[in-house]
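Each chain, letter by letter, is given below.
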Amino acid sequence: MSGDALSQQDFLDALIKNGSSDLQINMLLLELLSAGTDTSSSTVEWTLAELLKHPECIKKVEEELKKEIDQDNCQALINFWAIGRDPKIWEDPLVYEPERYLDSNLDFKGNDFEFIPIGAGRRTCPGMPMATKHVPLILASLIHFFDWSLLYGRDPEDLDMTEKLAQTLCKEQPLLLIPKAKI
Ligand code: HEM
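Reading the values: rules and limits
Residues numbered from 1 in each chain as written. Predicted model: local features only at pLDDT ≥ 70, side-chain atom pairs only at ≥ 80, totals over all residues. Helix = DSSP H or I, 4+ residues; strand = E, 2+ residues; numbered from the N terminus. Buried ≥ 20, exposed ≤ 12 C-beta atoms within 10 Å, placed from the backbone. Near = placed C-beta within 6 Å. Nonpolar A, V, L, I, M, F, W, Y, C, P; charged D, E, K, R; others polar. Expected span 1.5 Å × (residues − 1). Contact = placed C-beta atoms within 7 Å.

Asks: Can you break down the overall build of the protein chain residue by residue, with the values?
Replies: Regarding its fold elements, the protein chain presents five helices and four strands. When the helices and strands of the protein chain are listed from N to C terminus, the series reads α-α-α-α-α-β-β-β-β. When each of the 183 residues of the protein chain is scored for burial, the buried share is 1%.

Printed below as a string of structure tokens:
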């Protein structure tokens, strides 16, 4: 369900607000349920039965499907990495400046193609609802409860930021830090 769609609870609340009784609401839900089940299954059943009785028609469907589906699938790989570093889109793309997003209307959920950290379209990341909650929670907890420093008193300026391409773009050198509880 899209973010703009009514939740089931919103829908019920709206019905109640408009003065619908429990009985009317139950009737409506029952109607939606019955209208939405038999209709599709019997359409599929009848269509298949007719097609089986008319082999010339099913042949046409088969041919059309073959034409549309069995093409050599052109595979398009989108280079998120390059898009994120494109100076035509981003000012000083390599400068770490998270503030650049604060006053921006950029949508990170796949509607603005210059910023697609979790993909776009029907193959977009299905873990998005989870990731957008747990990543901020983990980072916020780590920063709120601990101060962090590098091993052997090293300067963060010297932190090795080399990338390594694995399934994701990892840090080549794992980040080893010393936590110090704030409280
Ligand atoms: C910060 C965290 C995450 C980032 C940045 C991320 C990013 C992405 C990206 C860029 C894609 C490719 C989308 C495309 O091809 O257009 C993807 C696909 C996918 N992600 Fe995530 N993801 C994250 C977390 C998660 C989590 C938590 C899960 C599961 C719980 C998950 C499951 C998947 C799966 C199954 C696909 C493949 C979808 C497909 O090919 O149809 N991801 N993710």
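We are not done yet, so read on.
Asks: Explain the site of the ligand to me, using residue names and the numbers behind them.
Replies: Around the ligand lies a shell formed by Pro117, Ile118, Gly119, Ala120, Arg123, Thr124, Cys125, Pro126, Gly127, Met130, Ala131 and Val135. Looking at the shell around the ligand residue by residue, the class counts come to eight nonpolar, three polar and one charged.

Asks: Just give me the short version of unusual backbone geometry, but keep the residues and values in it.
Replies: Excluding glycine, a negative phi dihedral is what most residues carry, and trans is how most peptide bonds are arranged. The backbone of Asp92 sits at a positive phi, close to 45°, despite the residue not being glycine. Locating Asp92 in the fold gives a position in the loop between α4 (80-84) and α5 (128-145). At Tyr152, a residue that is not glycine, the phi angle is positive and equals roughly 55°. As for its placement among the helices and strands, Tyr152 is situated in the loop between β1 (146-150) and β2 (163-165).

Asks: Tell me about helix α3 (residues 55-69), residues and numbers included.
Replies: With 15 residues, α3 should cover 21 Å at 1.5 Å per step; its first-to-last C-alpha distance of 21 Å lies within 8% of that length. Within α3, only zero of the 15 residues are buried, which leaves the element largely exposed.

Asks: Outline helix α2 (residues 22-53), listing residues and values.
Replies: With 32 residues, α2 extends 47 Å between its outermost C-alpha atoms, agreeing within 8% with the 46 Å of an ideal straight helix rising 1.5 Å per residue. For α2, the tally of buried residues reaches only zero of 32 residues, placing the bulk of the element at the surface.

Asks: Can you explain the environment of Phe145? Please cite residues and give values.
Replies: Topologically, Phe145 is positioned in helix α5. Phe145 sits 37 residues away from Lys182 along the chain, and the two C-alpha atoms are 5.4 Å apart. With residues up to four places along the chain from it excluded, the contact list for Phe145 reads Ala181 and Lys182.

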